[in-house]
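A structural walkthrough
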Number of protein chains: 2
Amino acid sequence: MQVTARVDYAIRAMAEFAAQPDRALTRKDLATAQGLPGKFLESILRDLARDGILTSQRGASGGFRLGRPAADITLADVVRAVDGPLAAVRGQPPESVEYTGPARALTRVWVATRAALRQVLEATTVADLASGTLPEHVERLTEDTEAWRRR
Amino acid sequence: MQVTARVDYAIRAMAEFAAQPDRALTRKDLATAQGLPGKFLESILRDLARDGILTSQRGASGGFRLGRPAADITLADVVRAVDGPLAAVRGQPPESVEYTGPARALTRVWVATRAALRQVLEATTVADLASGTLPEHVERLTEDTEAWRRR
DNA sequence: CACTTTTCCCATCTTTAACGTAGGATTAAT
DNA sequence: ATTAATCCTACGTTAAAGATGGGAAAAGTG
């Protein structure tokens, strides 16, 4: 699983919105707060606005705001807005790939893999991230010291 | 998470080995059995052999064999052999990326995400795949009908 | 020894995606 | 008017994905 720069930047931007929910933040505000490339970030913010995760206001004293409360925006929502489906197998959705012979069960493995991802990314909201308090079962996944070793 | 053709092909090849553990299989055998591009498959098989997952024998009546029992080869082993680390954030290992401000907890999210992946891919062996009987908690992830909807 | 079958190794190619920049049009406040 | 912002389109650069081709080296067979 490769987390792209788009996803990383989008989530970091969302964390800033959750921390300052009553201000409109400009692309420049966010770029300097998190050290992100401004023009690239712009296209990411528009993806988020297209999906209703942010609202935008043009003109002077404009910027972006949360489209709904940070507690109602999951990290999976953000990933899908900027990068499309959470999981794909050779570009196809996991449930649609078919195999023959002894590989027949592989479809189920891919569906399970996506489900495992969803258990983390749909459970964690932007509000959780900004507060630093992750859902219990997500926190539990990080508690095993093995989880922190390079693998 | 994008499952690449390399990973997909590698796992399908491994399923064939698990189904016929006592024969040496050639790249051509595997390519026709699973309908894979032969030359591309060759480089995948050599990756698997480099990691000891397969052994190879050159010359007439040569081919590839399992390097250890199929029940001792996890899908994670196969993924790592052909595609490198299971998870990366902008090319870096999840535990090494650092964030500032309200994004500070994001490192933990990425580590948890990788751990969730590992719970599926390290639990499932090539023997499980070929037999069609996945580990209980993997099977359970696929039982929710929601798991089969496009997302 | 010649011949065949295979892996091994290296080079190359095409297409796509990732990552980012540039510049102007549009909107809105002062 | 001026300024500050999003919107929109186009472009560029680099790396990765997904292959293909051809020959060298090894191993078995007649």
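Note that the structure is a prediction, hence the values are computed from the model and not measured.

1. Quick word on the overall build of chain A
Along chain A, the regular secondary structure elements total 7 helices and 4 strands. Start at the N end of chain A and walk to the C end: the helices and strands fall as β-α-α-α-β-β-α-β-α-α-α. Expressed as lengths along the three principal axes of its C-alpha atoms, the size of chain A is roughly 60 × 35 × 25 Å. Across the 151 residues that make up chain A, the buried fraction comes to 50%. When the accessible surface of chain A is split by element, carbon and sulfur atoms take 47% of a total near 6,900 Å². On chain A, the mean spot of the 21 positive side-chain charges and the mean spot of the 19 negative ones are 7 Å from each other.

2. Quick look at the protein's contact with DNA strand C
In the vicinity of DNA strand C there are 24 residues, among which K39(A), R58(A), S56(B), R58(B) and A60(B) approach most closely. Each atom of DNA strand C within 4 Å of the protein was assigned to sugar, phosphate or base; sugar and phosphate come to 66%. In the model, a phosphate oxygen of DNA strand C is placed 3.0 Å from a nitrogen or oxygen of the R27(B) main chain. Taken together, the elements giving at least two residues each to the surface near DNA strand C come down to helix 1 (5-19) and helix 3 (38-50) of chain A together with helix 3 (38-50), strand 2 (54-57) and strand 3 (63-66) of chain B. Considered class by class, the residues forming the surface near DNA strand C number 7 nonpolar, 9 polar and 8 charged.

3. Side note on the pattern of salt bridges
Counted under the stated rule, the structure contains 34 salt bridges over all chains. Across the salt bridge formed by R12(A) and D8(A), the nearest N and O atoms sit 3.0 Å from each other. Placement of the pair is R12(A) and D8(A) together in helix 1, with a separation of 4 residues, close to one helical turn. A salt bridge links E139(B) to R108(A); the nearest nitrogen and oxygen atoms lie 2.8 Å apart. Here E139(B) is found in helix 7 (residues 136-143), whereas its partner R108(A) is found in helix 5 (residues 106-121) on a different chain. A residue is classified by how much of its surface remains accessible, and E139(B), at 18% relative accessible area, is buried. Via salt bridges that share partners, R80(A), R118(A), E122(A), E146(B), R149(B) and R151(B) belong to a single interconnected network.

4. Brief notes about the interface of chain A and chain B
Chain A puts 61 residues into the contact, and the matching count from chain B is 61 residues. For the pair chain A and chain B, the summed buried surface comes to about 5,500 Å²; carbon and sulfur atoms form 64% of the total. Interface area lost by chain A to chain B is led by M1(A), P102(A) and R151(A), which between them contribute 14%. Summed over the shared surface of chain A and chain B, the result is 6 salt bridges.

Conventions adopted
Residues numbered from 1 in each chain as written. Chains lettered and ligands numbered in written order. Predicted model: local features only at pLDDT ≥ 70, side-chain atom pairs only at ≥ 80, totals over all residues. Heavy atoms only, no water. Helix = DSSP H or I, 4+ residues; strand = E, 2+ residues; numbered from the N terminus. Buried < 20%, exposed > 50% of the residue type's maximum accessible area, 1.4 Å probe, protein only. Areas by Shrake-Rupley, 256 points an atom, 1.4 Å probe, with all protein chains shown as cover. Lys, Arg positive; Asp, Glu negative; His and termini not counted. Charge placed at Lys NZ, Arg CZ, Asp CG, Glu CD. Near = heavy atom within 4 Å. Polar contact = N/O pair within 3.5 Å; in protein donor to acceptor, adjacent residues only side chain to side chain. Nonpolar A, V, L, I, M, F, W, Y, C, P; charged D, E, K, R; others polar. Salt bridge = Lys/Arg side-chain N within 4 Å of Asp/Glu carboxyl O. Contact = heavy atoms within 4.5 Å. Buried area = accessible area lost by both parts, 1.4 Å probe.

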